[in-house]
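The lines below spell out each chain.
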Amino acid sequence: MSLVINTTTPEGIVLAADSRQSYRNMKGMARIGSENAIKLFQINRRIGVGITGLAFLPEGGVQKNVSQYIEEFRRSSKVKNMEVKDVARKLHHLFNDKYHWKDQLDQIKTNIQNDLNSKGCAIIQMEMEDQLLKFSFKTPQGTIENGVARADPIEILVAGYNPDGTHQVYSASIPGPVQKLRDSKKQGMEYGSSWLGQGDVAARIVLGFDGRIQNVDFVKEAIQSRSEQEIQGQLRGLEYAIQWGTMTLQDAIDFATLMIQTTSAIQRFSDGINADPGDMPGVGGPIDVAVITPDHGFVWVKKKKLQFANCELDLDNEPFL
(Lines give C-alpha, C1' and ligand atoms only; values in the text may rest on other atoms or scores of the structure.)
Protein backbone atom coordinates (compact mmCIF):
# COMPACT_ATOMS: atom_id res chain seq x y z
CA MET A 1 0.00 0.00 0.00
CA SER A 2 2.83 2.41 0.92
CA LEU A 3 2.78 5.94 2.37
CA VAL A 4 3.18 9.35 0.77
CA ILE A 5 3.52 12.45 2.99
CA ASN A 6 3.18 16.11 2.06
CA THR A 7 4.09 18.97 4.37
CA THR A 8 3.43 22.52 3.19
CA THR A 9 5.19 25.43 4.91
CA PRO A 10 5.86 29.11 4.16
CA GLU A 11 9.37 28.19 2.93
CA GLY A 12 8.20 25.49 0.55
CA ILE A 13 6.60 22.10 0.03
CA VAL A 14 7.96 18.68 1.01
CA LEU A 15 7.00 15.38 -0.61
CA ALA A 16 8.26 12.08 0.80
CA ALA A 17 7.47 8.44 0.03
CA ASP A 18 8.68 4.96 0.95
CA SER A 19 9.79 2.37 -1.64
CA ARG A 20 7.94 -0.83 -0.78
CA GLN A 21 5.76 -2.39 -3.45
CA SER A 22 3.34 -5.18 -2.59
CA TYR A 23 0.93 -7.23 -4.67
CA ARG A 24 -1.60 -10.06 -4.44
CA ASN A 25 -0.59 -13.38 -5.94
CA MET A 26 -2.87 -15.83 -7.76
CA LYS A 27 -4.15 -17.14 -4.40
CA GLY A 28 -5.09 -13.63 -3.31
CA MET A 29 -2.34 -13.44 -0.70
CA ALA A 30 -0.49 -10.14 -0.20
CA ARG A 31 3.26 -10.31 -0.78
CA ILE A 32 6.14 -7.83 -0.84
CA GLY A 33 7.43 -7.58 -4.40
CA SER A 34 10.07 -4.87 -4.16
CA GLU A 35 11.77 -2.39 -1.85
CA ASN A 36 12.80 -0.15 -4.75
CA ALA A 37 9.57 1.15 -6.24
CA ILE A 38 9.36 4.76 -7.46
CA LYS A 39 6.43 6.64 -5.94
CA LEU A 40 7.50 10.29 -6.31
CA PHE A 41 7.61 12.04 -9.67
CA GLN A 42 8.52 15.47 -10.98
CA ILE A 43 5.84 16.64 -13.42
CA ASN A 44 7.33 20.03 -14.30
CA ARG A 45 9.73 22.38 -12.53
CA ARG A 46 6.97 23.51 -10.12
CA ILE A 47 4.85 20.40 -9.43
CA GLY A 48 5.45 16.96 -7.92
CA VAL A 49 3.27 13.87 -7.60
CA GLY A 50 3.19 10.97 -5.15
CA ILE A 51 1.18 7.79 -5.70
CA THR A 52 0.01 4.96 -3.45
CA GLY A 53 -2.36 2.04 -3.66
CA LEU A 54 -2.71 -0.41 -6.52
CA ALA A 55 0.70 -0.91 -8.11
CA PHE A 56 -0.19 -2.62 -11.40
CA LEU A 57 -2.92 -2.40 -14.02
CA PRO A 58 -3.52 -4.95 -16.79
CA GLU A 59 -2.89 -3.63 -20.29
CA GLY A 60 -2.53 -5.70 -23.44
CA GLY A 61 -2.46 -8.94 -21.48
CA VAL A 62 0.41 -7.90 -19.18
CA GLN A 63 0.64 -6.09 -15.84
CA LYS A 64 1.82 -2.50 -16.25
CA ASN A 65 3.27 -0.52 -13.35
CA VAL A 66 1.20 2.58 -12.55
CA SER A 67 4.43 4.60 -12.41
CA GLN A 68 4.78 4.06 -16.15
CA TYR A 69 1.49 5.84 -16.77
CA ILE A 70 2.73 8.88 -14.84
CA GLU A 71 6.03 8.90 -16.73
CA GLU A 72 4.13 8.73 -20.03
CA PHE A 73 1.84 11.55 -18.88
CA ARG A 74 4.86 13.66 -17.95
CA ARG A 75 6.52 13.09 -21.33
CA SER A 76 3.53 13.24 -23.65
CA SER A 77 1.32 15.93 -22.11
CA LYS A 78 1.83 19.66 -22.29
CA VAL A 79 2.72 19.86 -18.61
CA LYS A 80 5.08 22.84 -18.65
CA ASN A 81 2.43 25.49 -17.98
CA MET A 82 -0.12 23.34 -16.14
CA GLU A 83 -1.54 24.44 -12.81
CA VAL A 84 -1.65 22.07 -9.85
CA LYS A 85 -5.38 21.45 -10.21
CA ASP A 86 -4.95 20.63 -13.92
CA VAL A 87 -2.38 17.92 -13.13
CA ALA A 88 -4.65 16.44 -10.45
CA ARG A 89 -7.71 16.37 -12.70
CA LYS A 90 -5.90 15.00 -15.74
CA LEU A 91 -4.22 12.21 -13.75
CA HIS A 92 -7.57 11.40 -12.15
CA HIS A 93 -9.14 11.16 -15.59
CA LEU A 94 -6.24 9.07 -16.91
CA PHE A 95 -6.39 6.44 -14.17
CA ASN A 96 -10.19 6.44 -14.05
CA ASP A 97 -10.05 5.45 -17.71
CA LYS A 98 -7.27 2.86 -17.35
CA TYR A 99 -8.48 1.25 -14.13
CA HIS A 100 -11.66 -0.81 -14.60
CA TRP A 101 -12.58 -0.65 -10.94
CA LYS A 102 -16.28 -1.28 -11.57
CA ASP A 103 -15.41 -4.74 -12.90
CA GLN A 104 -13.44 -5.41 -9.72
CA LEU A 105 -16.40 -4.33 -7.60
CA ASP A 106 -18.69 -6.69 -9.51
CA GLN A 107 -16.29 -9.55 -8.73
CA ILE A 108 -16.11 -8.50 -5.08
CA LYS A 109 -19.90 -8.47 -4.92
CA THR A 110 -20.08 -11.99 -6.33
CA ASN A 111 -17.41 -13.23 -3.91
CA ILE A 112 -19.25 -11.74 -0.92
CA GLN A 113 -22.53 -13.30 -2.00
CA ASN A 114 -20.92 -16.73 -2.44
CA ASP A 115 -19.11 -16.46 0.91
CA LEU A 116 -22.23 -15.46 2.84
CA ASN A 117 -24.34 -18.15 1.19
CA SER A 118 -21.76 -20.82 2.01
CA LYS A 119 -21.93 -19.79 5.69
CA GLY A 120 -25.71 -19.97 5.76
CA CYS A 121 -26.20 -16.22 5.98
CA ALA A 122 -29.17 -14.46 4.40
CA ILE A 123 -28.36 -11.28 2.49
CA ILE A 124 -30.71 -8.46 3.48
CA GLN A 125 -29.39 -5.61 1.37
CA MET A 126 -26.48 -4.90 -0.97
CA GLU A 127 -26.06 -1.57 -2.74
CA MET A 128 -23.47 0.90 -4.03
CA GLU A 129 -22.96 4.22 -2.23
CA ASP A 130 -20.14 6.63 -3.18
CA GLN A 131 -17.92 3.93 -4.75
CA LEU A 132 -18.50 1.71 -1.69
CA LEU A 133 -20.39 -1.59 -1.68
CA LYS A 134 -22.49 -1.61 1.50
CA PHE A 135 -24.30 -4.76 2.56
CA SER A 136 -26.18 -6.25 5.49
CA PHE A 137 -26.96 -9.88 6.26
CA LYS A 138 -28.57 -12.14 8.83
CA THR A 139 -26.40 -14.82 10.42
CA PRO A 140 -27.64 -18.36 11.19
CA GLN A 141 -27.76 -17.26 14.85
CA GLY A 142 -30.25 -14.53 13.91
CA THR A 143 -28.02 -11.47 14.41
CA ILE A 144 -27.90 -8.67 11.84
CA GLU A 145 -24.42 -7.69 10.61
CA ASN A 146 -23.23 -4.91 8.28
CA GLY A 147 -20.24 -4.77 5.97
CA VAL A 148 -18.48 -2.46 3.54
CA ALA A 149 -16.22 -3.32 0.59
CA ARG A 150 -14.41 -1.26 -2.02
CA ALA A 151 -12.15 -1.77 -4.98
CA ASP A 152 -8.42 -1.49 -4.33
CA PRO A 153 -7.78 2.26 -4.67
CA ILE A 154 -5.19 4.26 -6.54
CA GLU A 155 -4.43 7.44 -4.59
CA ILE A 156 -2.53 10.42 -5.99
CA LEU A 157 -1.09 13.42 -4.15
CA VAL A 158 -0.33 16.46 -6.32
CA ALA A 159 1.53 19.41 -4.81
CA GLY A 160 3.31 22.46 -6.12
CA TYR A 161 3.21 26.05 -7.28
CA ASN A 162 1.10 27.59 -10.02
CA PRO A 163 2.60 29.92 -12.65
CA ASP A 164 1.31 32.91 -10.65
CA GLY A 165 3.28 31.83 -7.56
CA THR A 166 0.36 30.49 -5.51
CA HIS A 167 0.63 26.99 -4.09
CA GLN A 168 -1.91 24.19 -3.87
CA VAL A 169 -2.13 20.53 -2.86
CA TYR A 170 -4.72 18.09 -4.23
CA SER A 171 -5.56 14.46 -3.65
CA ALA A 172 -7.20 12.26 -6.27
CA SER A 173 -8.68 8.84 -5.53
CA ILE A 174 -9.66 6.22 -8.08
CA PRO A 175 -12.41 5.33 -7.43
CA GLY A 176 -13.33 8.57 -5.72
CA PRO A 177 -13.12 12.35 -6.11
CA VAL A 178 -10.46 15.02 -6.55
CA GLN A 179 -10.11 17.06 -3.36
CA LYS A 180 -8.27 20.29 -2.56
CA LEU A 181 -6.14 19.93 0.58
CA ARG A 182 -4.06 23.14 0.61
CA ASP A 183 -4.54 26.53 -1.05
CA SER A 184 -2.46 29.65 -0.40
CA LYS A 185 -5.39 31.80 -1.51
CA LYS A 186 -7.72 30.52 1.23
CA GLN A 187 -7.19 31.45 4.86
CA GLY A 188 -6.74 28.40 7.06
CA MET A 189 -5.80 26.14 4.16
CA GLU A 190 -2.32 27.51 3.46
CA TYR A 191 -0.12 25.18 5.51
CA GLY A 192 -0.23 21.72 7.05
CA SER A 193 0.48 18.07 6.41
CA SER A 194 -1.43 15.41 4.49
CA TRP A 195 -0.80 11.75 3.82
CA LEU A 196 -2.11 9.02 1.53
CA GLY A 197 -1.80 5.25 1.82
CA GLN A 198 -1.27 3.48 5.13
CA GLY A 199 -1.63 6.62 7.20
CA ASP A 200 -3.02 5.07 10.38
CA VAL A 201 0.22 5.51 12.36
CA ALA A 202 0.65 9.12 11.23
CA ALA A 203 -2.99 9.80 12.11
CA ARG A 204 -2.58 8.27 15.57
CA ILE A 205 0.52 10.34 16.24
CA VAL A 206 -0.75 13.69 14.94
CA LEU A 207 -4.54 13.45 15.32
CA GLY A 208 -4.62 11.14 18.35
CA PHE A 209 -6.73 8.48 16.60
CA ASP A 210 -7.10 6.79 13.21
CA GLY A 211 -10.20 6.57 11.05
CA ARG A 212 -11.08 3.05 12.20
CA ILE A 213 -12.29 4.48 15.50
CA GLN A 214 -15.66 4.92 13.77
CA ASN A 215 -15.97 1.12 13.71
CA VAL A 216 -15.89 0.95 17.53
CA ASP A 217 -19.37 0.37 18.98
CA PHE A 218 -19.38 3.20 21.51
CA VAL A 219 -18.38 5.68 18.78
CA LYS A 220 -21.20 4.39 16.56
CA GLU A 221 -23.62 4.88 19.43
CA ALA A 222 -22.30 8.38 20.06
CA ILE A 223 -22.76 9.30 16.39
CA GLN A 224 -26.38 8.12 16.55
CA SER A 225 -27.16 10.22 19.62
CA ARG A 226 -25.13 13.22 18.45
CA SER A 227 -24.06 14.44 15.03
CA GLU A 228 -20.99 12.95 13.35
CA GLN A 229 -19.64 16.49 12.97
CA GLU A 230 -19.84 17.02 16.74
CA ILE A 231 -18.06 13.73 17.47
CA GLN A 232 -15.32 14.55 14.96
CA GLY A 233 -14.93 17.98 16.53
CA GLN A 234 -14.40 16.48 19.97
CA LEU A 235 -11.94 13.90 18.66
CA ARG A 236 -9.95 16.64 16.94
CA GLY A 237 -9.27 18.02 20.39
CA LEU A 238 -6.68 15.22 20.66
CA GLU A 239 -4.68 16.57 17.72
CA TYR A 240 -1.19 17.82 18.47
CA ALA A 241 -0.90 21.60 18.13
CA ILE A 242 1.78 21.86 15.44
CA GLN A 243 2.55 25.35 14.14
CA TRP A 244 2.76 24.53 10.44
CA GLY A 245 2.87 28.22 9.54
CA THR A 246 6.17 28.71 11.38
CA MET A 247 7.81 25.42 10.37
CA THR A 248 11.07 25.60 8.43
CA LEU A 249 11.69 23.51 5.32
CA GLN A 250 14.25 21.35 7.17
CA ASP A 251 11.78 20.67 9.96
CA ALA A 252 9.17 19.73 7.37
CA ILE A 253 11.59 17.20 5.86
CA ASP A 254 12.29 15.80 9.33
CA PHE A 255 8.58 15.52 10.09
CA ALA A 256 7.66 13.78 6.81
CA THR A 257 10.49 11.26 7.01
CA LEU A 258 9.80 10.60 10.70
CA MET A 259 6.20 9.63 9.91
CA ILE A 260 7.34 7.15 7.26
CA GLN A 261 10.12 5.70 9.43
CA THR A 262 7.77 5.32 12.40
CA THR A 263 5.09 3.65 10.27
CA SER A 264 7.63 1.18 8.91
CA ALA A 265 8.90 0.44 12.44
CA ILE A 266 5.42 -0.12 13.90
CA GLN A 267 4.48 -2.42 11.00
CA ARG A 268 7.61 -4.44 11.66
CA PHE A 269 6.44 -5.28 15.19
CA SER A 270 2.66 -5.44 14.68
CA ASP A 271 0.17 -7.52 12.74
CA GLY A 272 -2.66 -5.10 12.18
CA ILE A 273 -4.95 -4.18 15.10
CA ASN A 274 -6.86 -6.48 17.45
CA ALA A 275 -10.14 -5.64 15.75
CA ASP A 276 -8.67 -6.34 12.30
CA PRO A 277 -5.49 -8.45 12.48
CA GLY A 278 -3.35 -9.44 9.51
CA ASP A 279 -2.64 -6.04 7.97
CA MET A 280 -0.06 -5.88 5.17
CA PRO A 281 3.29 -4.26 6.21
CA GLY A 282 3.24 -2.11 3.10
CA VAL A 283 5.63 0.67 4.17
CA GLY A 284 9.39 0.14 3.95
CA GLY A 285 12.59 0.50 1.96
CA PRO A 286 14.46 3.74 1.23
CA ILE A 287 12.65 7.06 1.58
CA ASP A 288 12.65 9.43 -1.39
CA VAL A 289 12.32 13.14 -0.55
CA ALA A 290 11.76 16.18 -2.76
CA VAL A 291 11.19 19.84 -1.98
CA ILE A 292 9.46 22.49 -4.08
CA THR A 293 10.13 26.17 -3.45
CA PRO A 294 8.98 29.34 -5.25
CA ASP A 295 12.55 30.25 -6.26
CA HIS A 296 14.16 26.90 -7.03
CA GLY A 297 11.16 24.81 -8.07
CA PHE A 298 11.25 21.01 -7.73
CA VAL A 299 14.52 19.70 -6.24
CA TRP A 300 15.38 16.16 -5.14
CA VAL A 301 16.76 15.95 -1.59
CA LYS A 302 17.17 12.19 -1.78
CA LYS A 303 16.35 9.85 -4.64
CA LYS A 304 17.11 6.17 -5.12
CA LYS A 305 19.90 5.33 -7.55
CA LEU A 306 20.70 2.16 -9.44
CA GLN A 307 23.41 0.23 -7.60
CA PHE A 308 25.79 -2.66 -8.05
CA ALA A 309 28.61 -3.42 -5.60
CA ASN A 310 30.21 0.00 -4.92
CA CYS A 311 28.82 1.63 -8.07
CA GLU A 312 25.83 3.97 -8.27
CA LEU A 313 24.03 5.38 -11.30
CA ASP A 314 21.59 8.28 -11.46
CA LEU A 315 19.93 8.11 -14.89
CA ASP A 316 18.55 11.65 -14.52
CA ASN A 317 22.10 13.04 -14.53
CA GLU A 318 23.50 10.88 -17.31
CA PRO A 319 24.15 12.62 -20.66
CA PHE A 320 22.29 11.52 -23.77
CA LEU A 321 24.30 10.13 -26.71
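Report on the accompanying structure. (Residues numbered from 1 in each chain as written. Predicted model: local features only at pLDDT ≥ 70, side-chain atom pairs only at ≥ 80, totals over all residues. Heavy atoms only, no water.)

### With respect to the sheet that holds strand E19 (residues 297-302)
Strands pair in a sheet through their backbones, by hydrogen bonds, and they do so in one of two ways: parallel or antiparallel. Our working definition: We treat two strands as partners when DSSP finds at least two bridges between them. Strands are runs of DSSP state E lasting at least two residues, helices are runs of H or I lasting at least four, and both sets are numbered from the N terminus onward. Only C-alpha atoms enter the line fits that serve as axes; for helices the fit covers just the stretch in contact. Angles between N-to-C directions range over 0 to 180 degrees.
If you walk across this open sheet you meet the 5 strands as E15-E1-E2-E18-E19, and the pairing is antiparallel. Both outer strands of the open sheet, strand E15 (192-197) and E19, are each paired with one neighbouring strand and no more. Neighbour to neighbour, the strand axes of the sheet diverge by 15° on average, direction disregarded. Where strand E2 (residues 13-17) and strand E18 (residues 288-293) come together, 5 bridges link them in antiparallel fashion.

### Structural notes on the environment of Cys121
Definition in use: Accessible area is worked out with a 1.4 Å probe on protein chains only. A residue is then buried under 20% of its type maximum, exposed over 50%, and partly exposed in between. Any two residues whose heavy atoms approach within 4.5 Å are treated as being in contact.
Tracing the sequence through the fold places Cys121 in the loop between helix H3 (101-118) and strand E9 (122-129). Using a relative accessible area of 11% as the deciding quantity, one classes Cys121 as buried. With 179 residues separating them in the primary sequence, Cys121 and Trp300 have C-alpha atoms 54 Å apart. Cys121 has contacts with Leu116, Phe137, Lys138, Thr139 and Pro140, leaving out every residue within four places of it along the chain.

### Here's the deal with the nonpolar core
The cut-off we apply is this: To define a nonpolar core, start from buried Ala, Val, Leu, Ile, Met, Phe, Trp, Tyr and Cys residues and group those joined through side-chain atoms within 4.5 Å.
Grouped together as the largest cluster of nonpolar side chains are 37 residues, with contacts concentrated most on Val87, Leu91, Phe95, Ile154 and Ile156. Looking at this core, the elements that each hand over two or more residues are strand E6 (47-53), helix H1 (66-76), helix H2 (84-98), H3, strand E10 (132-138), strand E12 (154-161) and strand E13 (167-174). In terms of residue count, the dominant contributor to this core is H2 (6 residues). In this view, Ile154 contacts Ile51, Thr52, Leu54, Leu57, Val66, Phe95, Tyr99, Ala172, Ser173 and Ile174; residues no more than four positions away in its chain are not counted. Counting 26 residues, the second largest nonpolar core, distinct from the first, contains Ala202, Ile231, Met259 and Ile260.

### Observations regarding the packing of H1 against H2
Note the following rule: Note that the term roughly parallel is reserved for angles under 35 degrees, roughly antiparallel for angles over 145, roughly perpendicular for angles of 65 to 115, and oblique for everything else. Here a crossing is called left-handed whenever its near helix is offset anticlockwise from the far helix by less than a right angle, and right-handed whenever the offset is clockwise. Amino acids are sorted into nonpolar (Ala, Val, Leu, Ile, Met, Phe, Trp, Tyr, Cys and Pro), charged (Asp, Glu, Lys and Arg) and polar (every other residue, Gly among them).
Closest axis-to-axis distance for the H1/H2 pair is 11 Å, and the angle between their directions is 130°. Looking at the two axes, H1 sits oblique to H2. In this structure, the crossing between H1 and H2 has a hand that is right-handed. Judged by residue contacts, Val66, Tyr69, Ile70 and Phe73 of H1 engage Val87, Lys90, Leu91, Leu94, Phe95 and Lys98 from H2. Residue composition of the contact of H1 with H2, grouped by class: 8 nonpolar, no polar and 2 charged.

### Digging into the packing of aromatic side chains
Aromatic ring pairs are defined here through the distance separating the ring centres and the angle between the ring planes. Put simply, the rule is: Here a Phe, Tyr or Trp ring, Trp counted by its six-membered ring, pairs with any other such ring whose centre lies within 6.5 Å, and the pair is stacked when the planes are under 30 degrees apart, edge-to-face when over 60, and tilted otherwise. Here, a charge over a ring means that NZ of Lys or CZ of Arg falls within 6 Å of the ring centre while also lying within 35 degrees of the ring normal.
The tally for this structure, following the rule as stated, stands at 4 aromatic pairs. Ring centres of Tyr69 and Phe95 lie 5.8 Å apart, and the angle between their planes is 75°; this geometry places the pair in the edge-to-face category. Of the two residues, Tyr69 sits in helix H1 while Phe95 sits in helix H2, which places them 26 residues apart along the sequence. For the pair Tyr69 and Phe95, a shared accessibility class is recorded, and that class is buried. Taking 6.2 Å as the distance between ring centres and 25° as the angle between the ring planes, the aromatic pair formed by Phe135 and Phe137 counts as stacked. Across this residue pair, the class does not change: Phe135 and Phe137 are buried. The aromatic ring of Tyr69 is capped on one face by Lys64, whose charged end is 4.4 Å from the ring centroid.

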